[in-house]
Amino acid sequence: MMIHLLCFIDRSNIGNAKVLNREEGDSLVQTLHITNQQYLVALMIFIVAFTIIQTPSNYMLKRFRPSRWIALMMFCWGAMTLLLASVRNFGGLVAVRFLLGAFESGLFPGQVYILTFWYRPEERAIRIALIVACSSLGGAFGGAIAYGIGKLNGVGGLEGWRWLFLIEGIPSCLAAILCALFFPDYPETVSWLSEEERELATQRIKGVASLGHDRIIWKEAKATLMDWRLYAHYIAYISNSVPFSSNSLFAPTIVAGLGYKGLDAQLFTVPPYAIGFVVTVTVAWLADRYEKRSIATSCSMIIAGVSFIVQGALPPDAFKTRYVFLCIALSFSFACTPPSLSWLTANLRSTGAATLAIPVNVAFGQLGQIIGVYIYRDSEAPGFPTGHFTNAGFLLEGAVIIMSLRLFYVYKNKRLAPGERKWRL
């Protein structure tokens, strides 16, 4: 959880930097003299690198052990965050953001993949939720930290946004050392389990989880790439990713459009993310407890979609009401991701399939993240109708796909012979 928290803070702090100390003329955009279009390019180039690298990263994680690979990624993305504090122009910003995306790309699909080695399908949604919910915590902490760091503007001759990158990059570099020393790899290999505990850990997941000693073979990879039902999961995940991306990157901008100015625009991003943490974990617990992952995903999408429609339809000056629905929309946008990913992993039946399908799923999601970069336009402030209605459309479309996929699995289960392994719902 802490690793993902640090990752999300280092990824999304550019959204805080965009508006930090804007009234004094010292925001990132003003200091580097870049246009809004150039700022969007800097956001998108991160996603491009993220998409390209994450599938090979999952293979490297399996090849070199999770503890070593994740520690290396952590140190490198922390170093890139520190380097962002020194950029002087648009070219430097884009180059460092590309490298940051490359080094962060393997973390989330890698973490979901690692869970398949340790936990049964009915135990994963809540754990994925705790990881994803750290994005909510990261947003809350990021806003609170930016509020405090904004007061350092001008100290040591540095703008507040440079202090933001410096202070938030150091913890990732230091935590990488702890990760290399203490992060668990596989139940079959960790030293702190006794022989009896290791046997219990491996036997309880046998037949329903990935195995650390399994090799990835082309036959499994080909079958995974040709399995059309997985592409329904992938397309649905694109729908999740549009609001996830837009909320993560533009929450300070949206809050500023609700009438909050200066450092208050940073501080008022905290409540939506704090509420999102609670909602995300609660929805995932219910999905695991009652084996209703598809229902949890589609209901979360519908609630978030309707909330975005309300935000877009309200008058621009209805600040308080729009803020309430921002909290609801953000919370359930985050909440639909854990049961969706848990549902996917529960219906993958080999280590090779998990190794490939999880990062491919997240890679498809980057298409949604690219869309999310462009939908909140400064020219439409404070109402942002395009952004809100686009998020709503993708979420409601995703809910339809999820329920259609559920019906497909119900149909498949009815045709199984007695004793055959059922598809999870």
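This text follows the structure it describes.
Residues numbered from 1 in each chain as written. Predicted model: local features only at pLDDT ≥ 70, side-chain atom pairs only at ≥ 80, totals over all residues. Heavy atoms only, no water.

**Concerning the overall build of the chain**
In step 1: The secondary structure content of the chain amounts to 18 helices and 0 strands.
In step 2: By the compact-globule yardstick of 22 Å for 425 residues, the chain fits well, its C-alpha radius of gyration being 21 Å.
In step 3: With the C-alpha coordinates aligned to their principal axes, the bounding extent of the chain is approximately 70 × 45 × 35 Å.
In step 4: Considering the chain as a whole, with its 425 residues, one finds that 58% of them fall into the buried category.
In step 5: Total accessible area computed for the chain in this model is approximately 16700 Å², and 68% of it derives from carbon and sulfur atoms.
In step 6: The averaged location of the 26 negative side-chain charges in the chain is 7 Å from the averaged location of its 36 positive side-chain charges. (Helix = DSSP H or I, 4+ residues; strand = E, 2+ residues; numbered from the N terminus. Rg over C-alpha atoms; globule rule 2.2 N^0.38 Å. Buried < 20%, exposed > 50% of the residue type's maximum accessible area, 1.4 Å probe, protein only. Areas by Shrake-Rupley, 256 points an atom, 1.4 Å probe, with all protein chains shown as cover. Lys, Arg positive; Asp, Glu negative; His and termini not counted. Charge placed at Lys NZ, Arg CZ, Asp CG, Glu CD.)

**Considerations on the layout of surface pockets**
In step 1: By volume, the largest pocket amounts to about 510 Å³.
In step 2: Taken together, 19 residues line the largest pocket, and the ones lying closest to its centre are M1, I3, Q111, F183 and P184.
In step 3: Breaking the lining of the largest pocket down by element, the ones donating at least two residues are α1 (2–19), α6 (107–118), α7 (125–149) and α8 (160–182).
In step 4: Classifying every residue of the lining of the largest pocket by side-chain character gives 17 nonpolar, 1 polar and 1 charged. (1 Å grid on protein atoms, 1.4 Å probe; cavity = no way out; pocket = protein on both sides within 12 Å on 5 of 7 lines; lining within 4 Å. Points joined across faces, edges and corners; volume = space filled by probe spheres on them. Nonpolar A, V, L, I, M, F, W, Y, C, P; charged D, E, K, R; others polar.)

**Points about the side chain of R229**
In step 1: Here R229 is to be found in helix α11 (residues 228–256).
In step 2: Overall, the relative accessible area of 7% leaves R229 in the buried class.
In step 3: A polar contact of 2.8 Å, which involves the side chain of R229, links it to the side chain of Y409.
In step 4: Contact partners of R229, with chain neighbours within four places excluded, come to N347, L405, F408, Y409 and W423. (Polar contact = N/O pair within 3.5 Å; in protein donor to acceptor, adjacent residues only side chain to side chain. Contact = heavy atoms within 4.5 Å.)

**Things to note about the packing of helix α4 (residues 66–84) against helix α5 (residues 90–104)**
In step 1: Running from N to C, α4 and α5 point in directions that differ by 160°, and their axes come no closer than 8 Å. Taken together, α4 and α5 sit at an angle that is classed as roughly antiparallel. Classified by chirality, the crossing of α5 by α4 is left-handed. Contacts between α4 and α5 involve M73, C76, W77, M80, T81, L83 and L84 from the former and L93, V96, R97, L99, L100, F103 and E104 from the latter.
In step 2: Here the contact of α4 with α5 is composed, by residue class, of 11 nonpolar, 1 polar and 2 charged. (Axes fitted to C-alpha atoms, helices over the stretch in contact; angles between N-to-C directions. Parallel < 35°, antiparallel > 145°, perpendicular 65-115°, else oblique. Left-handed = near helix turned anticlockwise from the far one by under 90°.)

**Points about the packing of aromatic side chains**
In step 1: Using the criterion set out here, one finds 16 aromatic pairs in the structure.
In step 2: With centroids separated by 4.9 Å and ring planes inclined at 75°, the aromatic side chains of Y113 and F117 adopt a geometry described as edge-to-face. One end of the pair is Y113 and the other is F117, both in helix α6 and 4 residues apart, which spans about a single turn. For the pair Y113 and F117, one class covers both residues: buried.
In step 3: Aromatic rings pair up to connect W228, W343, F408, Y409 and W423 into one cluster. (Phe/Tyr/Trp six-rings, centres within 6.5 Å; stacked < 30°, edge-to-face > 60°.)

**Thoughts on the pattern of salt bridges**
In step 1: Within this structure, the stated rule accounts for 10 salt bridges.
In step 2: Residues R162 and E159 are paired through a salt bridge, measuring 2.7 Å at the closest nitrogen-oxygen approach. E159 matches R162 in its accessibility class, with the two residues each being buried.
In step 3: One salt bridge in this structure joins E291 and R293, with 3.0 Å as the shortest N-O distance.
In step 4: Salt bridges sharing partners connect three or more residues here, namely D288, E291, R293 and R424. (Salt bridge = Lys/Arg side-chain N within 4 Å of Asp/Glu carboxyl O.)

**As for helix α16 (residues 337–346)**
In step 1: For α16, the buried fraction is high: 10 of the 10 residues fall into the buried class.
In step 2: Among all positions of α16, only T337, P338, P339, S340, L341, S342, W343, L344, T345 and A346 are buried.

**Re the packing of α6 against helix α17 (residues 351–374)**
In step 1: Packing of α6 against α17 brings their axes to within 9 Å, and their N-to-C directions diverge by 150°. Compared by their axis directions, α6 and α17 come out roughly antiparallel. Seen from above, α6 lies across α17 with right-handed handedness. Where α6 approaches α17, its residues F108, P109, V112, Y113, T116 and F117 are matched on the opposing element by T351, A354, T355, I358, P359 and V362.
In step 2: Per-class residue counts for the contact of α6 with α17 are 9 nonpolar, 3 polar and no charged.

**Thoughts on a nonpolar patch on the surface**
In step 1: Together, I177, L178, L181 and F182 make up an exposed nonpolar region whose accessible area comes to about 470 Å².
In step 2: Tracing the backbone through its elements, the reader meets L181 in helix α8. (Patch = residues over 30% accessible without salt bridge, like charges linked within 9 Å, V, L, I, M, F, W, Y side chains within 5 Å.)

**Quick notes on the environment of Y323**
In step 1: Residue position: Y323 is located in helix α15 (residues 319–335).
In step 2: Sequence separation between Y323 and V306 is 17 residues, and the spatial gap between their C-alpha atoms is 14 Å.

**Notes on the side chain of S340**
In step 1: Residue position: S340 is located in helix α16.
In step 2: If we ignore the near neighbours within four places in the chain, the residues touching S340 are Y237, N240 and T297.

**A few points about empty space enclosed by the protein**
In step 1: Under the counting rule described, the total for this entry stands at 4 cavities of 30 Å³ or more.
In step 2: Of the volumes computed, that of the largest cavity is approximately 170 Å³.
In step 3: R11, F108, Y237, F244 and Q369 are the residues nearest the centre of the largest cavity, which is lined by 14 residues in total.
In step 4: Taken together, the elements giving at least two residues each to the lining of the largest cavity come down to α1, α7, α11 and α17.
In step 5: At 4 residues, the largest contribution of residues to the lining of the largest cavity is made by α11.
In step 6: Class assignment of the residues belonging to the lining of the largest cavity gives a composition of 6 nonpolar, 7 polar and 1 charged.

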